[in-house]
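# Residue-level structural notes
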Amino acid sequence: MAPEPFTVFLKLSAAVFYGLASFLIVVVNKSVLTNYRFPSSLSVGIGQMLATVVVLWVAKAFRVIKFPDFDKNIPRKTFPLPLLYVGNQITGLFGTKQLNLPMFTVLRRFSILFTMMAEGFLLKKKFSRPIQLTVLAMILGAFVAASTDLSFDLQGYVFILMNDVLTAANGAYVKQKLDSKARELGKYGLLYYNALFMIFPTLLFAYFTGDIQMTMEYDGWSDVLFLSQFVLSCIMGQFILMYSTVLCTQYNSALTTTIVGCIKNILITYIGMVFGGDYIFTWTNFIGLNISIAGSLVYSYITFTEEQSSKQSESASKLEIKGKIAV
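A quick note: this is a predicted structure, and the numbers were derived from the prediction, not measured.

Here is what the cut-offs are and how they apply
Residues numbered from 1 in each chain as written. Predicted model: local features only at pLDDT ≥ 70, side-chain atom pairs only at ≥ 80, totals over all residues. Heavy atoms only, no water. Helix = DSSP H or I, 4+ residues; strand = E, 2+ residues; numbered from the N terminus. Buried < 20%, exposed > 50% of the residue type's maximum accessible area, 1.4 Å probe, protein only. Polar contact = N/O pair within 3.5 Å; in protein donor to acceptor, adjacent residues only side chain to side chain. Contact = heavy atoms within 4.5 Å. Axes fitted to C-alpha atoms, helices over the stretch in contact; angles between N-to-C directions. Parallel < 35°, antiparallel > 145°, perpendicular 65-115°, else oblique. Left-handed = near helix turned anticlockwise from the far one by under 90°. Nonpolar A, V, L, I, M, F, W, Y, C, P; charged D, E, K, R; others polar. pLDDT = per-residue confidence, 0-100. Phe/Tyr/Trp six-rings, centres within 6.5 Å; stacked < 30°, edge-to-face > 60°. Lys NZ or Arg CZ within 6 Å of the ring centre and 35° of its normal. Core = buried A, V, L, I, M, F, W, Y, C linked by side-chain atoms within 4.5 Å.

This brings us to the environment of Y301. Summarising the element assignment, Y301 is placed in helix α13 (residues 283–326). The exposure class of Y301 is exposed, given its relative accessible area of 57%. Between the C-alpha atom of Y301 and that of I131, which follows or precedes it by 170 residues, the distance is 9.8 Å.

This is the structure:
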């Protein structure tokens, strides 16, 4: 039986929404920090935290999402996620500002390697040889690309690699928290309280570093186009991206979400080469970027074929157990 037109529309809309959200957040952040030369990545991070708290609170008030109200046990349940959250966010924004989009996208794939290491250490998870080889291909491609990156920026590389480590640690700890006593907080509760707990310490830090003053003295606030992109960056920074991910997975599948994510990364890489304004072409760099892209595509395919096989095996074992019980 063919799916109803409205169902197809929902599936397509959810996939397009996620693709646009994940694409725009990278492009808009890059535009604000590089093209408009906004002086403070820290202030963009504070704006994203504030928008996250406000948007999630409003969404909860209108019963779009659910998470528990604050109590004295929540700080203990969330720790150390708030520290990882703010570190992950700020280093990502600093890296976005310093690096061209193709190298930013490729170097972000180190987070997969670091995630494997973190999950192996914290969750005792094992990974198959094909997965290990595809991750190795992504890392090899990144090294080849970096070897002839004529726009090399040491500070940008350090920030993005720190971001990869923090992303991996954050992801592993989120999984650990969602499987523990903190699971009643859910993804939205963790995100809300992470932002809530860190916004004031980050504001205080920005005040002492002079970022607040630089932000107030910035002469681009009268530019409507800049202001709209800054607001978009703040709103899309966390909640919209997560919500679009959930919708895409809900109406389609996790595989669809991953494929859309891969297509987004490929588009960002190639569009960044042409329109980014700060990419310098060399053949070695270009080949390295494509090795890393190919590795990421194969990685996505293998990950989900293994996941589907695992689910089928679990279903078969459950049916077998039920059959034995019935007998």
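By the secondary structure assignment, N29 is in helix α1 (residues 5–35). Within the local environment of N29, its side chain forms a polar contact with the side chain of Q48, the two groups lying 3.5 Å apart. There is a polar contact of 2.5 Å between the side chain of N29 and the side chain of S233. Once you skip the residues sitting within four places of it in the chain, N29 turns out to touch L24, V44, Q48, L93, T96 and S233.

Here we come to the packing of α1 against helix α2 (residues 41–61). Running from amino to carboxyl end, α1 crosses α2 at an angle of 140°, the nearest separation of the two axes being 11 Å. Between α1 and α2, the crossing angle belongs to the class labelled oblique. The hand of the α1/α2 crossing is right-handed. Here I25, N29, V32 and L33 of α1 lie close against α2, whose contacting residues are S41, V44 and Q48. When its residues are assigned to classes, the contact of α1 with α2 shows 4 nonpolar, 3 polar and no charged.

Let us look at the confidence of the model for the protein. Confidence in the prediction of the protein, expressed as mean pLDDT, is 82, and 89% of residues score 70 or more. Across the protein, the element-wise mean pLDDT spans from 72 in α13 up to 93 in helix α10 (residues 211–217). Taken as a whole, residues 322–327 scores under 50 in pLDDT and shows 0 contacts with residues more than four places along the chain or in a different chain.

Further remarks concern the packing of aromatic side chains. Considering all chains together, one arrives at 23 aromatic pairs under this definition. Where F110 meets F143, the ring centres are 5.7 Å apart and the plane angle is 85°; that geometry is what we call edge-to-face. One end of the pair, F110, is in helix α6 (residues 110–122); the other, F143, is in helix α7 (residues 129–147), and 33 residues separate them in sequence. What makes F143 exposed here is its relative accessible area of 53%. Geometrically, the ring pair formed by F281 and W283 is edge-to-face, given 5.2 Å between the ring centres and 75° between the ring planes. Under the relative-accessibility criterion, F281 is labelled partly exposed at 43%. Put simply, the rings of Y36, F38, Y218, W221, F226 and F230 pair up and form one aromatic cluster. It is K60 that lies over the ring of F67; its NZ or CZ is 4.7 Å from the centre.

P80 follows F79 through a cis peptide bond whose omega is 5°. Phi is positive for R37, close to 50°, though the residue is something other than glycine. If you trace the backbone, R37 turns up in the loop between α1 and α2.

If you look at the biggest cluster of nonpolar residues, it comprises 54 residues, and the most contacted ones within it are M49, L56, I65, F67, L107, F239 and L289. If one sorts the elements of this core by residue count, helix α9 (residues 186–209) sits on top with 9 residues. With residues up to four places along the chain from it excluded, the contact list for I65 reads L56, A59, K60, Y188 and F239. Listed in part, the 12 residues of the second largest apolar core include V28, L33, A51 and Y218.

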